[in-house]
Structure formats: structure tokens, C-alpha cells
Amino acid sequence: MKTTWAPHEEHGDLSTAERKELPDSAYAFPGKRKEPLTDASHVRNALARFDQVQDVTDAERDQAFANIRAAAEHYGVDVAEDDWRQLGTRSHTRNPAH
């Protein structure tokens, strides 16, 4: 699947106003504007919360996972899963206690 994600200059904790100003291309789920991917921490959070995102189709999940993988590569975050359906089947961190 082709990614719609593009790097953005806003990084770190974002205020509500800053989030509203982000382009759709900064989000894992661009049509829903869910899960901003503005730095490595946000990419890890998007992976951890992926199964908690509600009211999205499988096609939107396919797109979001492609966006997360593109952002992960850009920010140097390792993603072990090849498909979003694998999320939740194993730990997303190096520490298996998490």
C-alpha cells in the first residue's frame, strides 16, 4: 500500500492548537486525523494504541500501518510486524514485561 505520511516540522508534545494545524499527512489515520506521527515517540505510541483506534475500516488500518512503517523508518523505530493484524500478538518493546 502506498503511504500518505510525510514528515512534519512539529515534534514532541503537541498542544491541541498545534495538533489542529498539522496536515492530514502527519497522521497515521489521515482521514480521521488520529495518531500523529511527528517523532519516534509518537510512532511507538501509534503502534501500541493501534488496536484501540475505533470507527475505522480495515482499509484505513492498512493505510495507517503503511504510514506508521514509513514514519518508523524515517525516525529510526524498529517495527517487527509485517502486517497490522500481527499487532497485539507480541510485545512492541524490547522489554517483554511491557
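Refer to the structure printed above.
Quick caveat: nothing in here was measured; it's all calculated off a predicted structure.

Draft legend 1. Focus on the overall build of the protein. Counting its regular elements, the protein contains 3 helices and 2 strands. Taking all 98 residues of the protein together, the buried fraction comes to 37%. A fraction of 46% describes how many contacts in the protein between residues 6 or more apart in sequence connect residues 24 or more apart. Surface exposure of the protein reaches about 6,100 Å², of which carbon and sulfur atoms provide 45%.

Draft legend 2. Structural view of the environment of Ser-25. Of note, Ser-25 is situated in the loop between helix H1 (16-21) and strand E1 (27-29). Once the C-alpha coordinates of Ser-25 and Thr-4 are considered, the two residues, 21 residues apart in sequence, prove to be 5.7 Å apart. Ser-25 has contacts with Thr-4, Trp-5 and Ala-6, leaving out every residue within four places of it along the chain.

Draft legend 3. Representation of the nonpolar core in the model. By size, the foremost hydrophobic cluster in this structure holds 20 residues, and its most contacted members are Phe-29, Leu-37, Val-43, Phe-50, Ile-68 and Tyr-75. Those elements that place two or more of their residues in this core are E1, helix H2 (40-49) and helix H3 (58-75). At 6 residues, H3 tops the list of elements feeding residues into this core. Filtering out sequence-adjacent residues up to four positions away, Leu-37 remains in contact with Trp-5, Ala-26, Tyr-27, Ala-28, His-42, Val-43, Ala-46, Asn-67, Ile-68, Ala-71 and Tyr-75.

Draft legend 4. Representation of the packing of aromatic side chains. Summed over the entire model, instances satisfying the criterion amount to 4 aromatic pairs. Seen from their ring centres, Trp-5 and Tyr-75 are 5.9 Å apart, and the 70° between their planes marks the pair as edge-to-face. Within this pair, whereas Trp-5 is found in the segment before H1, its partner Tyr-75 is found in helix H3, the two being separated by 70 residues in sequence. Tyr-75 matches Trp-5 in its accessibility class, with the two residues each being buried. Aromatic side chains Phe-50 and Phe-65 sit 6.3 Å apart centroid to centroid with 85° between the ring planes, which places their arrangement in the edge-to-face category. Of this pair, Phe-50 sits in the loop between H2 and H3 while Phe-65 sits in helix H3, and the two are 15 residues apart along the sequence.

Draft legend 5. Region of the structure containing the pattern of salt bridges. A complete count under the given rule lists 4 salt bridges for this structure. Notably, a salt bridge pairs Lys-32 with Glu-60, separated by 4.0 Å at the nearest N-O pair. One end of the pair, Lys-32, is in the loop between E1 and strand E2 (34-36); the other, Glu-60, is in helix H3, with 28 residues separating them in the sequence. Note on Glu-60: relative accessible area 26%, which makes it partly exposed. When the shortest N-O distance is used, the salt bridge between Arg-85 and Asp-62 registers 3.6 Å. In this pair, Arg-85 sits in the segment after H3 while Asp-62 sits in helix H3, placing the two residues 23 residues apart along the sequence. Given the relative accessible area of 26%, Asp-62 is considered partly exposed. Salt bridges linked by common partners bring Asp-62, Asp-83 and Arg-85 together as one network.

Conventions and cut-offs
Residues numbered from 1 in each chain as written. Predicted model: local features only at pLDDT ≥ 70, side-chain atom pairs only at ≥ 80, totals over all residues. Heavy atoms only, no water. Helix = DSSP H or I, 4+ residues; strand = E, 2+ residues; numbered from the N terminus. Buried < 20%, exposed > 50% of the residue type's maximum accessible area, 1.4 Å probe, protein only. Contact = heavy atoms within 4.5 Å. Areas by Shrake-Rupley, 256 points an atom, 1.4 Å probe, with all protein chains shown as cover. Core = buried A, V, L, I, M, F, W, Y, C linked by side-chain atoms within 4.5 Å. Phe/Tyr/Trp six-rings, centres within 6.5 Å; stacked < 30°, edge-to-face > 60°. Salt bridge = Lys/Arg side-chain N within 4 Å of Asp/Glu carboxyl O.

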